[in-house]
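Residue-level structural notes
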Number of protein chains: 2
Amino acid sequence: MSIRYGLLALLSRGPRHGYQLRQEFEASTGATWPLNIGQVYTTLSRLERDGLIRQGEADEQGRVVYEITEAGRAEVERWFGTPVTPADRPRDELVIKLAMAVATCPDALKVIQAQRTASMRAMQELTRAKRDTASPAQRLVLDSMIFQVEAEQRWLDHCEAVLREEQS
Amino acid sequence: MSIRYGLLALLSRGPRHGYQLRQEFEASTGATWPLNIGQVYTTLSRLERDGLIRQGEADEQGRVVYEITEAGRAEVERWFGTPVTPADRPRDELVIKLAMAVATCPDALKVIQAQRTASMRAMQELTRAKRDTASPAQRLVLDSMIFQVEAEQRWLDHCEAVLREEQS
DNA sequence: ACAGCCATGTAACTTGTTACATGATTTT
DNA sequence: AAAATCATGTAACAAGTTACATGGCTGT
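Predicted model, so just to flag it, every value in this text is computed and none were measured. (Residues numbered from 1 in each chain as written. Chains lettered and ligands numbered in written order. Predicted model: local features only at pLDDT ≥ 70, side-chain atom pairs only at ≥ 80, totals over all residues. Heavy atoms only, no water.)

1. As for the protein's contact with DNA strand D
We count it as follows: Residues are classed as near a molecule or strand on a simple rule: at least one heavy atom within 4 Å of it. Here a polar contact is recorded for every N or O atom pair within 3.5 Å, except that within protein the pair must consist of a potential hydrogen donor and a potential acceptor, and residues adjacent in sequence are included only if both atoms are side-chain atoms. Secondary structure elements follow DSSP: runs of H or I of four or more residues count as helices, runs of E of two or more count as strands, with numbering from the N terminus. Residue classes follow a fixed rule: Ala, Val, Leu, Ile, Met, Phe, Trp, Tyr, Cys and Pro count as nonpolar, while Asp, Glu, Lys and Arg count as charged, and any other residue, Gly among them, counts as polar.
Among the 20 residues in the neighbourhood of DNA strand D, the closest are listed as Gln39(A), Arg46(A), Tyr41(B), Arg63(B) and Arg91(B). The sugar-phosphate backbone supplies 59% of the atoms of DNA strand D found within 4 Å of the protein. Between DNA strand D and the protein, one listed contact pairs a phosphate oxygen with a backbone N or O atom of Gly18(B) at 3.3 Å. With respect to DNA strand D, the backbone of Tyr19(B) contributes an N or O atom lying 2.9 Å from a phosphate oxygen. At the level of elements, helix H1 (2-11) and helix H3 (37-49) of chain A together with helix H2 (18-29) and helix H3 (37-49) of chain B are the ones that each hand at least two residues to the surface near DNA strand D. Per-element accounting of the surface near DNA strand D gives the leading share, five residues, to H3(A). When grouped by side-chain class, the residues that make up the surface near DNA strand D number six nonpolar, nine polar and five charged.

2. Remarks on the interface of chain B and chain A
For the record, the criterion: Contact definition: two residues touch when any of their heavy atoms are within 4.5 Å. Two parts placed together each lose some accessible area under a 1.4 Å probe, and adding up what both lose gives the buried area. We count a salt bridge whenever a side-chain nitrogen from Lys or Arg sits within 4 Å of a carboxyl oxygen from Asp or Glu.
Of the residues lining the interface, 58 residues belong to chain B; the matching set on chain A comes to 57 residues. In this assembly, chain B packs against chain A so that about 5,900 Å² is buried in total across both faces, 67% of it on carbon and sulfur atoms. Here Arg89(B) makes a salt bridge to Asp92(A), at a shortest N to O gap of 2.9 Å. Connecting chain B to chain A are 22 residue pairs in polar contact (both at pLDDT 80 or more). At the level of secondary structure, the elements contributing two or more residues to the side of chain B that touches chain A comprise helix H1 (2-11), H2, helix H4 (70-81), helix H5 (93-104), helix H6 (108-131) and helix H7 (136-167) of chain B. For the side of chain B that touches chain A, the element with the most residues is H7(B), which contributes 15 residues.

3. Some points on the sheet that holds strand E2 (residues 53-55) of chain A
Selection criterion: At least two bridges found by DSSP between two strands is the condition for calling them paired.
Sheet architecture is open: three strands sit in the order E1-E3-E2 (chain A), paired in antiparallel fashion. The open sheet has two free edges, formed respectively by strand E1 (16-17) and E2 of chain A, since each of these has just one partner strand.

4. Remarks on the pairing of strand E3 (residues 65-68) of chain B
All names here are of chain B. Pairing analysis gives two bridges linking strand E1 (residues 16-17) to E3, with the strands arranged antiparallel. From the neighbouring strand, Arg-16 faces E3, where its bridge partner is Tyr-66. Where strand E2 (residues 53-55) meets E3, three bridges bridge the pair, whose relative direction is antiparallel. Opposite Ile-53, over in E3, you have Ile-68 as the bridge partner.

5. Here's the deal with the protein's contact with DNA strand C
Taken together, 20 residues form the shell around DNA strand C, and within it Tyr41(A), Arg63(A), Arg91(A), Gln39(B) and Arg46(B) come nearest. Per the 4 Å cut-off to the protein, sugar and phosphate atoms form 59% of the nearby atoms of DNA strand C. Residue Tyr19(A) places a main-chain N or O atom 2.9 Å away from a phosphate oxygen belonging to DNA strand C. Among the elements of the structure, helix H2 (18-29) and H3 of chain A together with H1 and H3 of chain B are those that each provide at least two residues to the surface near DNA strand C. If one sorts the elements of the surface near DNA strand C by residue count, H3(B) sits on top with five residues.

6. Focus on the pattern of salt bridges
This is how the line gets drawn: Only protein chains enter the accessibility calculation, which uses a 1.4 Å probe; a residue whose area is less than 20% of its type maximum is buried, one above 50% is exposed, and one in between is partly exposed.
As enumerated under the stated definition, the model contains 26 salt bridges over all chains in all. The shortest N-O distance in the salt bridge between Arg49(A) and Asp50(A) comes to 2.9 Å. Arg49(A) sits in the exposed class, given a relative accessible area of 60%. Among the residues examined, Asp50(A) registers a relative accessible area of 33% and is labelled partly exposed. Two residues, Arg16(B) and Glu24(B), come together in a salt bridge whose shortest N-O distance is 2.8 Å. Like Glu24(B), Arg16(B) is buried. Several salt bridges share partner residues, and in doing so they unite Arg116(A), Asp157(A), Glu160(A) and Arg164(A) into one network.

This is the structure:
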């Protein structure tokens, strides 16, 4: 629901049109997850269908402007007030992969090694991206990814240690 | 694609029927993400549609048994050999929420506080769950979540520090 | 004239998810 | 007899995603 609520939150600041929403969304969340412009419009249609936004009057340039409704405002409030729990998060593909590998794969250690290499490269790219990013919001997003990759690396080490212990 | 590839990986060990697949999947990945049995069958249909598995002969108990095809085996190999990158992961709802909150919300600090409380509670539940889990595979999954919540807590501290600095 | 950006939208698709229907077998 | 578990499946939907069509405007 990230995009859905993200756009709704942007609209709670004031009326916006679709193209503008993509710009602001990407300005906040950065280049790691590019947002296809088509998706903005599909998401806006669904938000309108659900009564959380409505089409306002057109721009002076004739652009279609959306504005948040009362129901939408309440929904944003609820969203900001509700923390994210582990159960809310989608299944982590890496975790599933390793869980399957330890039971299935000829050698799970190879999977771990390949992932570790990729993680290190990801870390390099993230630090480089952070160096090149001026926007504070985008830096926070990059920081989050850096912390997550660090956690991933720790977990990979841990998995390898557990595996080696089991084998011996 | 976690479920899709997860089931495919299980089938690469040998023929299985649907109910059994759910049991083995949950035995590996644990109780945090329960797998609805209906989803097993929808996913199996789609895997069959894509030529990655096929229906074999029925069980001695008359149960429908699926087996992996050559194409499926190749796909599993490819999956195990391909690392997960940050771009592969879905947008993190917490990250989006905070990125929106710092720019939109009356006070983002409240959002951070609420999340921190939830994170601490999540951590408690995860350590309790780990204490009660004998299966090594499930313990690894729980360890992954623990590392992730730790990273989340570090990031929340970091966000708060950055915010307070900006305000002053 | 043409390339590139601004701008809106739709059709088709994917995976994930749940609610429901159905019946057999096993346990209490 | 009733409850629980085993077992298979379908219908309907949500959210995310991309490819494509369409046209206006701007700078070279």
